[in-house]
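Breakdown of the fold
What follows is the residue order along each chain.
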Amino acid sequence: VQLQASGGGLVQTGVSLRLSCAASGRGRTFSSYIMGWFRQAPGKEREFVAAITWSGGIPDYADSVKGRFTISRDNAKNTVYLQMNSLKPEDTAVYYCAGTRGPLRIARMKVSDEYDYWGQGTQVTVSS
């Protein structure tokens, strides 16, 4: 499975962005994958942002983005999205999408080591 993230950019505080992650390749269908978003700011470790189960019914979020970010997926389009509202300068980072075949307990969805496939990352820069 190949993952291609897009949608990043340079924006001002308070605006919105929507990231997309398109999956392609052979093997198990995208709809069976648990998908996640992680981010890494300069000089910091990669951190969990959001994840969603194969059915889309159980999203999970980092506390820092709850209420501002929404993860969703369109299995017909093999795409997962991250809608980011009310962006803050501290959201500045490279955002990576990731996928895993699972099975995976919900509590483990925020652990980057659980993911088998990673996209190339898309830069999000929020200016103050």
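First, a word on what this report is: a plain description of the structure on this page. Everything numeric here is computed off the predicted structure, so don't read it as measured data.

Details of the pattern of salt bridges
- In this structure the tally under the stated criterion is seven salt bridges.
- Between Glu-47 and Arg-39 there is a salt bridge, with the nearest N and O atoms lying 2.6 Å from each other.
- For Arg-39, a relative accessible area of 5% translates into the label buried.
- Put simply, Asp-116 and Arg-101 hold a salt bridge, and the shortest N to O gap is 3.9 Å. In this pair, Asp-116 sits in the loop between strand E9 (93–100) and strand E10 (117–118) while Arg-101 sits in the loop between E9 and E10, placing the two residues 15 residues apart along the sequence.
- When its relative accessible area of 38% is taken as the criterion, Arg-101 is described as partly exposed.
- A network of salt bridges, in which partner residues are shared, links Arg-39, Glu-47, Arg-68 and Asp-91.

Things to note about the state of the cysteines
- Considering all chains together, one arrives at one disulfide under this definition.
- At a sulfur-sulfur separation of 2.1 Å, the disulfide partner of Cys-21 is Cys-97. Disulfide Cys-21-Cys-97: the torsion about the S-S bond is 60°, which places it as right-handed. Highlighted residues: Cys-21 in strand E3 (residues 17–24) and Cys-97 in strand E9, separated in sequence by 76 residues. No difference in accessibility class separates Cys-21 from Cys-97, as the two residues are buried.

Focus: the sheet that holds strand E7 (residues 69–74)
- The strand order across the open sheet formed by four strands is E1-E3-E8-E7, and the pairing between neighbours is antiparallel. Looking at the sheet topology across the chains shown, the edges are occupied by strand E1 (2–6) and E7. Adjacent strand axes in the sheet meet at a mean angle of 15° when their direction is disregarded.
- Bridge count for E7 against strand E8 (residues 79–84) is six bridges, and the pairing is antiparallel. Each residue of the ladder has a partner; that of Thr-70, found in E8, is Gln-83.

Calculation notes
- Residues numbered from 1 in each chain as written.
- Predicted model: local features only at pLDDT ≥ 70, side-chain atom pairs only at ≥ 80, totals over all residues.
- Heavy atoms only, no water.
- Salt bridge = Lys/Arg side-chain N within 4 Å of Asp/Glu carboxyl O.
- Buried < 20%, exposed > 50% of the residue type's maximum accessible area, 1.4 Å probe, protein only.
- Helix = DSSP H or I, 4+ residues; strand = E, 2+ residues; numbered from the N terminus.
- Disulfide = S-S within 2.5 Å.
- Pairing = 2+ DSSP bridges.
- Axes fitted to C-alpha atoms, helices over the stretch in contact; angles between N-to-C directions.

Remember that the coordinates give geometry; whether it matters functionally is a separate question.
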